[in-house]
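Now for the letters of each chain:
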Amino acid sequence: MIMTSSTLPNTSEMIARLAELSESSSGITRQFLSPQHREANRLVGSWMETVGMRVREDSIGNIIGRYEGLETDLPAVIIGSHLDTVVNAGKFDGILGVVLAIQCISALYKEKKRCRFPIEVIGFADEEGTRFQSTYLGSKAVAGTFDFTTLSRIDAHGISMQDALLSFGLDPDKIQNAARKANDISAYIELHIEQGPVLEKEDIPAGIVTEIAGAVRFQVTITGTAGHAGTVPIDLRKDALVSACECILSVEEIASKYPKTVGTVGQITVTPGASNVIPGETVFTVDLRAADNEIRQKVEHELISKMRRLCQKRQTKISIKKVHEASSVTCSPRIIKQLQNAFTKGKYKPYCLPSGAGHDAAAMADLTDVGMIFIRCKEGISHNPAESVSEPDMQAGLDILLEFLSVYD
Ligand SMILES: [Zn+2]
């Protein structure tokens, strides 16, 4: 049951309350279908009810509030972002977009105002893909592009997504019910922290996103031969970790050759993992991103063939599994124009920039026209407990959202 409180806390208090819902005591970790996800949905749902929204949780675990318009049969504008986090995250990534969307409805509700069109606020269940190595699960379900083969994915504790959904009280066979009809939605707007240093450098609180970079993620397994660290001479070894190290260096080397392209290895496990044993197997992730789809594919092919050559030389085996791929997405020119009007009306410089990070808006682009507002964050730091957004910048985000709703047509 959703508990309704009579007044909505302020933006900073809401962010602090959500930050308490963490699996870890340092930083914030809130994964898809975790008890903390359940708590976050309860809390956010209660805030939505407080500001006059009709609240429901859909079949993938997204929390959705609807604020009716003056004309109920008009398609809705969705404002949203995600409520899940990476491991050891900051307080603002995703969360700020959901919190400010609710504040926006609160401002309308207090003045007993409604737009012509209905507004829905969505807190997406999974964007980061932390638990099952598959991003945009929440927004893909809404866009009708959920990949059902991901249901068999296993988390770090051996729990499948299928079982995790069941334990959360959701029916995996009903995920398609989360999909929305294109005719019922006229736009998706996402406000998100920039997660980069550009707005700070420009000395402006907010910007308008023009495109979202594409990304691909792999899981790479290198198999060598485990052996005694004292008795096997170095030239007779098939060391899976040394082989992986060469591959990891090639990620950096190849990605740096191309414009607006980055490559990262953020996770690695070594087995058997003992100080006196030569590593027999190494598993690591590769995350490649580029603003241009063709460049990303080129980097991907170049990297894969280089890693294969490197492993062949060391006589280790390599297997590469693609676990995520998203094309770069262009934000809707119609929405960009209306955001520019909203920025200008609010006396903010309508500064445009691309997004190097993926966002739910990329998945929602399969359903409807999308637009994104970036908010400056301190030193561009994100995916880090040091993530920080100033109160005036949060207020600017709220002003811009309200201006957007007032000019949106
Ligand atoms: Zn995010």
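Everything below is about the structure shown above.
To start, this report covers the structure provided alongside it.

Rules behind the numbers
- Every residue gets a number counted from 1 within its own chain, in the order that chain's sequence is written.
- With pLDDT at 70 or above as the cut-off, local features in this predicted model cover only qualifying residues; side-chain atom pairs require 80 or more to be listed or tallied, and sums for whole chains, interfaces and linings still use all residues.
- Heavy atoms throughout the structure, all of them, feed into the side-chain values; hydrogens and water do not.
- Whether a residue is buried, partly exposed or exposed follows from its accessible area with a 1.4 Å probe, protein chains only, as a fraction of its type maximum: under 20%, in between, or over 50%, in that order.
- What counts as a helix is a DSSP run of H or I of at least four residues, what counts as a strand is a run of E of at least two, and both are numbered from the N terminus.
- Strand pairing requires that DSSP identify at least two bridges connecting the strands.
- Every residue pair with non-hydrogen atoms within 4.5 Å of one another is taken to be in contact.
- Whenever Lys or Arg places a side-chain nitrogen within 4 Å of a carboxyl oxygen from Asp or Glu, that contact is recorded as a salt bridge.
- Working definition: a ring pair exists when centres of Phe, Tyr or Trp rings (six-membered ring for Trp) sit within 6.5 Å. Plane angles under 30 degrees give stacked, over 60 give edge-to-face, the rest tilted.
- Our definition puts a charge over a ring when NZ of Lys or CZ of Arg is within 6 Å of the ring centre and also within 35 degrees of the ring normal.
- Donor atoms (N, O, S) are those found within 2.8 Å of the metal centre, with the cutoff raised to 3.2 Å for Na, K and Ca; water is not part of the atom list, so apparent gaps in a site can occur.

1. Section: the pairing of strand β6 (residues 206–212)
Piece 1. For β6, a buried count of 5 out of 7 residues is recorded, marking the element as mostly surrounded by other parts of the structure.
Piece 2. Note: β6 against strand β16 (residues 370–375), 3 bridges, orientation antiparallel. Across the sheet, glycine 207 pairs through a bridge with phenylalanine 374, a residue of β16.
Piece 3. Here β6 runs beside strand β15 (residues 352–355); their pairing, made up of 3 bridges, is parallel. Each residue of the ladder has a partner; that of isoleucine 212, found in β15, is serine 355.
Piece 4. In the sheet, β6 pairs with strand β14 (residues 329–330) via 2 bridges, with the strands oriented antiparallel. Residue pairing across strands places glutamate 211 opposite threonine 330, the latter belonging to β14.

2. Quick notes on the environment of isoleucine 193
Piece 1. Tracing the sequence through the fold places isoleucine 193 in strand β5 (residues 185–193).
Piece 2. Isoleucine 193 sits in the buried class, given a relative accessible area of 0%.
Piece 3. C-alpha of isoleucine 193 to C-alpha of isoleucine 60: the two residues are 133 residues apart in sequence and 24 Å apart in space.
Piece 4. Once residues within four sequence positions are removed from consideration, isoleucine 193 is found in contact with Phe92, Asp93, Leu96, Phe374, Ile375, Cys377, Ser382, Glu387 and Val389.

3. So, the pattern of salt bridges
Piece 1. Taken as a whole, this structure holds 24 salt bridges when the rule is applied.
Piece 2. Between aspartate 393 and arginine 376 there is a salt bridge, with its nearest N and O atoms 2.7 Å apart. With aspartate 393 in helix α11 (residues 391–407) and arginine 376 in the loop between β16 and α11, the pair connects residues that are 17 residues apart, well separated along the chain. This pair shows no difference in class: aspartate 393 is buried, exactly as arginine 376 is.

4. Things to note about unusual backbone geometry
For residues besides glycine, phi is generally negative; the peptide bonds are generally trans as well.
Piece 1. Proline 272 follows threonine 271 through a cis peptide bond whose omega is 5°.
Piece 2. For proline 272, the location among the structural elements is in the loop between β10 (268–271) and β11 (277–278).
Piece 3. Of note in this structure, glutamine 133 is not a glycine but carries a positive phi near 55°.
Piece 4. For glutamine 133, the location among the structural elements is in the loop between β4 (119–124) and α4 (137–143).
Piece 5. Unusually for a residue other than glycine, glutamine 195 sits at a positive phi of about 65°.
Piece 6. Following the sequence through the fold, glutamine 195 ends up in the loop between β5 and α6 (198–202).

5. Observations regarding the packing of aromatic side chains
Think of a pair of aromatic rings as described by two things: how far the centres are apart, and how the planes are tilted against each other in angle.
Piece 1. Scanning the entire structure with this criterion turns up 5 aromatic pairs.
Piece 2. Between phenylalanine 117 and tyrosine 408, the ring centres sit 5.4 Å apart and the planes meet at 80°, which makes this aromatic pair edge-to-face. Pair noted here: phenylalanine 117 is in the loop between α3 (95–110) and β4 and tyrosine 408 is in the segment after α11, with a separation of 291 residues, a long-range link.
Piece 3. With relative accessibility at 6%, the residue phenylalanine 117 sits in the buried group.
Piece 4. With a centroid separation of 5.2 Å and an interplanar angle of 40°, the aromatic rings of phenylalanine 404 and tyrosine 408 are classed as tilted.
Piece 5. You can call phenylalanine 404 buried: its relative accessible area is 1%.
Piece 6. Classification of tyrosine 408 as buried rests on a relative accessible area of 8%.
Piece 7. Across from the ring centre of phenylalanine 168, 3.9 Å away, lies the NZ or CZ of arginine 38, which sits over that ring.
Piece 8. Positioned above the aromatic ring of tyrosine 67 is the side chain of arginine 114, whose terminal nitrogen or guanidinium carbon lies 4.3 Å from the ring centre.

6. A word on the coordination of the zinc ion
Piece 1. Of the protein atoms, only His82 (NE2), Asp93 (OD) and His192 (NE2) coordinate the zinc ion, at distances of 2.0 to 2.1 Å.
Piece 2. The exposure class assigned to histidine 192 is buried, which follows from its relative accessible area of 1%.

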